[in-house]
Amino acid sequence: MPAVTADTLTLSHLAPAEGRARTVKSVSKGPQAHEGDGFPVTRAFAGISYQDLDPFIHMDQMGEVEYAPYEPRGTSWHPHRGFETFTYMIDGTFQHQDSHGGGGTIQDGATQYMTAGSGVLHIETPTDALVMAGGIFHGIQLWINLPAAKKMSDPAYQSLEGGDVKLISSQDGGALIRVLAGDIGGHVGPGKSQTPMTIAHITLAPGASVSIPWNPEFNALAYTLAGAGRAGEDGPGTNSAPISTGVMAVFGAGDRVVITADQVQDSRHNALEIFLLGGQPIKETVVAYGPFVMNSKEQIIQAMEDYQYGRFGQIPDNALQPFHHRHN
């Protein structure tokens, strides 16, 4: 169950969306993997062309997993350059610290942006309390590309609590829309990114449908966090496709995005949970190598050299470390 919920009947309602519904170009199911010191992730963008993803680079669904005591794991200190990270904690708790003074606890529907820019070292790891007690852990980490002109910008950090999120509902109250960043029908989320984009987490009750106005200049991607339903709208010049947990739907051009929940959902969630995102394509050459996202091979080599020579900053004194490193 997402940490941020609300009575949809008391919220501002989304105005009717106008224009052409976006067709569904493709659906794909992300493979399972393990990140950092061993926490399970779903690679949501696997097999999707960068032309459909631009300006996004990489996305992991972290969990959803119910940890036993002493099972939770995080990442060790590592570098980034050339993009922004966006971390959204749906359930559970993560800690962040970086070499440029950013840091804090991400929990209960909170989000954080880290602009890696010219280079940063950072760590994300569960809190001691979560490690020792166990519990649910569920979130999203998204990498957002920076245009060439901003790749070497100064690093920055932005922390937003769950209560900062803009909450709206569909006209019939069947869908709760959490606007995390950008604009949906004039309702603006708190996140401020270098690259224009919109991100929302939508919960649809069984059988509910929602038509969401979407900037026609943005791409549109809908990832199913949990549940089952259909992406798109059937009609002249458009189509729909079935979606379920772990499936990414890629939309074509249009003015609105339509999502519908099946009448029957699994008993654990009893809802369709969608992570909806889109942004202004940058349309530049991308050369990515591990934690570096640049525009040329030469820039990647320079990033590796700068990291090796300590030009990304230093790990702070008394730095945060993964739990099992601190308590051998």
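Check the entry above for the structure.
So, how was this worked out
- Residues numbered from 1 in each chain as written.
- Predicted model: local features only at pLDDT ≥ 70, side-chain atom pairs only at ≥ 80, totals over all residues.
- Heavy atoms only, no water.
- Helix = DSSP H or I, 4+ residues; strand = E, 2+ residues; numbered from the N terminus.
- Pairing = 2+ DSSP bridges.
- Axes fitted to C-alpha atoms, helices over the stretch in contact; angles between N-to-C directions.
- Phe/Tyr/Trp six-rings, centres within 6.5 Å; stacked < 30°, edge-to-face > 60°.
- Buried < 20%, exposed > 50% of the residue type's maximum accessible area, 1.4 Å probe, protein only.
- Polar contact = N/O pair within 3.5 Å; in protein donor to acceptor, adjacent residues only side chain to side chain.
- Contact = heavy atoms within 4.5 Å.
- Salt bridge = Lys/Arg side-chain N within 4 Å of Asp/Glu carboxyl O.

**Quick notes on the environment of Gly174**
So, point 1. Relative to the helices and strands, Gly174 resides in the loop between β13 (166-169) and β14 (175-181).
So, point 2. For the pair Gly174 and Gly92, spaced 82 residues apart in the sequence, the C-alpha separation amounts to 26 Å.

**Notes on the sheet that holds strand β3 (residues 39-43)**
So, point 1. On the basis of which strands lie adjacent, the open sheet formed by seven strands has the order β2-β3-β4-β11-β6-β9-β12 and antiparallel pairing. Among the strands making up the open sheet, the edge pair consists of β2 (32-35) and β12 (156-160). Going across the sheet, the axis of each strand differs from the next one's by a mean of 20°, ignoring polarity.
So, point 2. In terms of strand pairing, strand β6 (residues 83-91) meets strand β9 (residues 111-115) through five bridges, oriented antiparallel. Bridging from a neighbouring strand, Phe86 pairs with Tyr113 of β9.

**Quick word on the sheet that holds strand β22 (residues 247-251)**
So, point 1. Spatially, seven strands are ordered β1-β22-β19-β24-β17-β14-β13 in an open sheet, and the strand pairing comes out antiparallel. Two strands close off the open sheet at either side, each with one partner strand: β1 (24-29) and β13. With strand direction ignored, the average angle separating the axes of adjacent strands in the sheet is 20°.
So, point 2. As judged from the four bridges shared by strand β19 (residues 220-226) and β22, these two strands associate in the antiparallel manner. By the bridge assignment, Leu221 is partnered in β22 with Val250.

**Some points on the packing of aromatic side chains**
So, point 1. Taken as a whole and judged by the stated rule, the model has eight aromatic pairs.
So, point 2. Three or more aromatic residues joined by ring pairs make a cluster, and in this case those are Phe86, Tyr88, Tyr113 and Phe275.

**Examining the side chain of His122**
So, point 1. Positionally, His122 belongs in strand β10 (residues 120-125).
So, point 2. For His122, a relative accessible area of 0% corresponds to the buried category.
So, point 3. In this structure the side chain of His122 is engaged in a polar contact, spanning 3.5 Å, whose partner is the side chain of His96.
So, point 4. With sequence-adjacent residues up to four places away left out, His122 is seen in contact with Ser76, Trp77, His78, His80, His96, Gln97, Asp98 and Met114.

**Describing the pattern of salt bridges**
So, point 1. Per the stated rule, a full pass over the model turns up seven salt bridges.
So, point 2. Linking Arg43 and Asp60 is a salt bridge whose minimum nitrogen-to-oxygen distance equals 2.5 Å. Linking Arg43 in strand β3 with Asp60 in strand β4 (residues 56-67), this pair joins segments that are 17 residues apart in sequence.
So, point 3. In this structure Arg43 comes out as partly exposed when scored by relative accessible area, which is 21%.
So, point 4. The network of salt bridges with shared partners includes Arg81, Glu305, Asp306 and Arg311.

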